[in-house]
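Fold and geometry: a report
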Amino acid sequence: MAEEHQTSGAELLAALGHRPDVRDVWFNRKTVTLDGFSFHNCRFDQCQLHVASTNFDLNHCFISDDTIIYFGDEVVKAVRLFSRRNTWIYDNLPYFAPARHEDGTISIA
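Scoring rules and cut-offs
- Residues numbered from 1 in each chain as written.
- Predicted model: local features only at pLDDT ≥ 70, side-chain atom pairs only at ≥ 80, totals over all residues.
- Heavy atoms only, no water.
- Pairing = 2+ DSSP bridges.
- Helix = DSSP H or I, 4+ residues; strand = E, 2+ residues; numbered from the N terminus.
- Axes fitted to C-alpha atoms, helices over the stretch in contact; angles between N-to-C directions.
- Core = buried A, V, L, I, M, F, W, Y, C linked by side-chain atoms within 4.5 Å.
- Buried < 20%, exposed > 50% of the residue type's maximum accessible area, 1.4 Å probe, protein only.
- Contact = heavy atoms within 4.5 Å.
- Phe/Tyr/Trp six-rings, centres within 6.5 Å; stacked < 30°, edge-to-face > 60°.
- Patch = residues over 30% accessible without salt bridge, like charges linked within 9 Å, V, L, I, M, F, W, Y side chains within 5 Å.
- Areas by Shrake-Rupley, 256 points an atom, 1.4 Å probe, with all protein chains shown as cover.
- Salt bridge = Lys/Arg side-chain N within 4 Å of Asp/Glu carboxyl O.

1. Overview of the sheet that holds strand β9 (residues 68-71)
- The strand order β3-β6-β9 describes an open sheet built from three strands, whose pairing is parallel. Strand pairing shows two members of the sheet lacking a second neighbour, β3 (31-33) and β9, which therefore form its edges. Taking each pair of neighbouring strands and ignoring which way they run, the sheet shows an average axis angle of 20°.
- Here β3 pairs with strand β6 (residues 48-51) via three bridges, running parallel. In the sheet register, Val-32 faces β6, and the bridge partner there is Leu-49.

As structure tokens, this is what we get:
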């Protein structure tokens, strides 16, 4: 039996090859999904940003220090692979580091 897959709006936009532009918008205390959009000259203050893919652009945008960014599993996998040799990541941000094993191998799941 074939597995059923529901397509999100962001996936549909990516398939079409177009990211709608969001320009000159101030997001204050909002929950924003970045996937599928191109943001220009936007500001994010005390927001919750959700990122599940690399299908977004930020151009001359400001993100306040109190904005929280939630990374989806697929994005974290790429960060873990990139961070595989970075001891600072292992010590300070272990969520973004791959699992290390005694035999010198790593695991990213």
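2. Things to note about the nonpolar core
- Core analysis: the biggest nonpolar cluster contains eleven residues, these being Val-22, Phe-27, Val-32, Leu-34, Phe-39, Cys-42, Phe-44, Cys-47, Leu-49, Val-51 and Val-75.
- Non-local contacts of Leu-49, meaning those with residues more than four positions away in its chain, are made with Val-32, Leu-34, Phe-44, Ile-63, Thr-67, Ile-68, Ile-69 and Tyr-70.
- The next biggest cluster of nonpolar side chains, apart from the first, holds five residues, and it includes Val-76, Ile-89, Phe-96 and Ala-97.

3. Re the packing of aromatic side chains
- For the coordinates displayed, the defined rule picks out six aromatic pairs.
- With 6.1 Å between their ring centres and 75° between their planes, Phe-27 and Phe-39 make a pair best called edge-to-face. One end of the pair, Phe-27, is in strand β2 (residues 26-28); the other, Phe-39, is in strand β4 (residues 38-40), and twelve residues separate them in sequence.
- Owing to a relative accessible area of 15%, Phe-27 belongs among the buried residues under this scheme.
- Owing to a relative accessible area of 3%, Phe-39 belongs among the buried residues under this scheme.
- Aromatic side chains Phe-39 and Phe-44 sit 5.6 Å apart centroid to centroid with 70° between the ring planes, which places their arrangement in the edge-to-face category.
- Given a relative accessible area of 0%, Phe-44 falls into the buried group.

4. Focus: a nonpolar patch on the surface
- A cluster of nonpolar side chains, contributed by Leu-58, Ile-63, Ile-69 and Phe-71, occupies part of the molecular surface with about 280 Å² of accessible area.
- Within the secondary structure, Ile-63 is located in strand β8 (residues 62-63).
- Residue class for Ile-63 comes out partly exposed when judged on its relative accessible area of 30%.

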